[in-house]
Amino acid sequence: MSQQQLQNGRDQVVGSAGFPVETIMTHVNPHEDELWAISMLREHGEEKYPGISEADITFSTTGNTTPDGKPVADWVAKKVLFVGTGGGHLDEHSKITGQGAVQGECTFSLVVKDLGIEDDPALRRILPCVKENDLHGSQGDMFSFSETVKKYYRQMPMAEAVEKLLEIVKVHYQDQV
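Residues numbered from 1 in each chain as written. Predicted model: local features only at pLDDT ≥ 70, side-chain atom pairs only at ≥ 80, totals over all residues. Heavy atoms only, no water.

Considering the pairing of strand β2 (residues 56-60)
Basically, it comes down to this: Here a strand pair is declared whenever DSSP counts at least two bridges between the two strands. By the criteria applied, helices consist of DSSP H or I runs no shorter than four residues and strands consist of E runs no shorter than two, each listed in order from the N terminus. We call a crossover right-handed when, viewed with both strands directed away from the observer, the connection leading from the first strand over the helix to the second proceeds clockwise.
Two elements, strand β1 (residues 23-27) and β2, share five bridges in a ladder whose sense is parallel. Residue pairing across strands places Met 25 opposite Thr 58, the latter belonging to β2. You can see the chain leave β1, run along helix α3 (residues 32-44) and come back into β2, and the turn it takes is right-handed.

Focus: unusual backbone geometry
Note the cut-off: Relative accessibility thresholds used throughout: buried, under 20% of the residue-type maximum; exposed, over 50%; partly exposed, between the two (1.4 Å probe, protein chains only).
The phi torsion at Asn 29 lies on the positive side, around 50°, for a residue other than glycine. The residue Asn 29 is located in the loop between β1 and α3 in this model. Accessibility expressed as a relative area gives 33% for Asn 29, which makes it partly exposed. We note that Lys 79 has phi near 65°; this positive angle belongs to a residue other than glycine. Along the chain, Lys 79 turns up in the loop between α4 (72-77) and β3 (80-82).

Quick look at the packing of helix α5 (residues 107-115) against helix α6 (residues 123-136)
What counts is decided by this rule: Only C-alpha atoms enter the line fits that serve as axes; for helices the fit covers just the stretch in contact. Angles between N-to-C directions range over 0 to 180 degrees. Residue contacts follow a heavy-atom distance rule, with two residues in contact if any of their heavy atoms lie within 4.5 Å. Each residue gets one label: Ala, Val, Leu, Ile, Met, Phe, Trp, Tyr, Cys and Pro are nonpolar, Asp, Glu, Lys and Arg are charged, and the others, such as Gly, are polar.
It is at 8 Å that the axes of α5 and α6 come closest, and there the two elements cross at 145°. Contact with α5, carried on its side by Phe 108, Ser 109 and Val 112, involves Leu 123, Ile 126, Leu 127, Val 130 and Lys 131 of α6 and no other residues of that element. Among the residues making up the contact of α5 with α6, the classes are represented as six nonpolar, one polar and one charged.

Re α6
For clarity, the threshold we go by: Each helix should span, by expectation, one fewer than its residue count multiplied by 1.5 Å. The directions from the helix axis to the C-beta atoms form the arc being described.
Taking 1.5 Å of rise per residue, 14 residues should cover 20 Å, and α6 covers 19 Å from first to last C-alpha, within 8% of that figure. Buried within α6 we find Leu 123, Ile 126, Leu 127 and Val 130. The buried residues of α6 occupy an angular sector of 95° when projected down its axis, which confines them to one face. In this structure, α6 carries Arg 124, Arg 125 and His 136 as exposed residues pointing more than 90 degrees from its buried face. Close packing links the buried residues of α6 with α3, α5 and α8 (158-176). Just downstream of α6 lies Gly 137, where phi reads positive at about 90°.

Quick notes on the environment of Glu 43
Tracing the backbone through its elements, the reader meets Glu 43 in helix α3. Here Glu 43 falls in the partly exposed class, since its relative accessible area comes to 40%. The spatial distance from the C-alpha of Glu 43 to the C-alpha of Lys 170 is 8.8 Å, given a sequence separation of 127 residues.

Observations regarding the packing of aromatic side chains
Put simply, the rule reads: Under the pairing criterion, centres of Phe, Tyr and Trp rings, with the six-membered ring standing for Trp, must be within 6.5 Å; the plane angle then separates stacked pairs below 30 degrees from edge-to-face pairs above 60, leaving the rest tilted. Two conditions define a charge sitting above a ring: the NZ of Lys or the CZ of Arg must be within 6 Å of the ring centre, and it must be within 35 degrees of the ring normal.
Inspection of every chain in the model, using the stated rule, returns three aromatic pairs. With centroids separated by 5.5 Å and ring planes inclined at 80°, the aromatic side chains of Phe 19 and Tyr 49 adopt a geometry described as edge-to-face. Placement of Phe 19 in the loop between α2 (12-17) and β1 and of Tyr 49 in the loop between α3 and β2 is noted, with a sequence separation of 30 residues between them. Relative accessible area serves as the criterion here: at 0%, Tyr 49 is assigned to the buried category. Plain terms: the ring middles of Trp 75 and Phe 82 are 5.6 Å apart, the flat faces sit at 65° to each other, and that makes the pair edge-to-face. Its guanidinium or amino end placed over the ring of Trp 75, Lys 78 lies 4.6 Å from that ring's centre, counting from NZ or CZ.

Some details on the side chain of Ser 39
With respect to the helices, strands and loops of the structure, Ser 39 is situated in helix α3. In contact with Ser 39, other than residues within four places in its own chain, are Leu 166, Val 169 and Lys 170.

Some thoughts on the sheet that holds β2
Taken in spatial order, the three strands line up as β2-β1-β3 in an open sheet, and their pairing is parallel. Each of the sheet's edge strands pairs with one partner strand only, and the pair in question is β2 and β3. Put simply, the sheet's adjacent strands are angled 30° from each other on average, direction ignored. The pairing of β1 with β3 spans three bridges and is parallel. Counterpart to Ile 24 in the pairing with β3 is Leu 81. Against the sheet, α3 makes contact with β1, β2 and β3, and its axis sits at roughly 170° relative to β1, the strand it touches most.

Written as structure tokens, this is what we have:
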């Protein structure tokens, strides 16, 4: 891997190998796909990312770059895993391929692939729905989970909303198991 790839924060090798995690960083007001991604990382990621099941969640406003502009590898050394932001291997907005955003993927689908849980029967119905909502919107249904997520952010502090929403995600997942 070239130094330039590390500088751009696009090294999939770091992600594919896994590393200890103390902090999950996502963007402000994470969407449905990031919530599902975080939930699956907590549920299935402990072997690949030791500590992730108890990792703190923090929020970034910088989009597809790290908060300080330094390479993702520098943040990995600090035990930070970027989810849906930061330009790392679990950010569908990053230009990992050098071709632009990862087409046809959402953060949740990247996590499912990264963890190797594509064959999880519970995800057969969940993943297509979440991916469709992320890529094409929730079709304006005021009772959809995507709309519920937005309502939670309007009603309470973001960190509290995320923890409550993760509980809802867990219930939906366990219902499919």
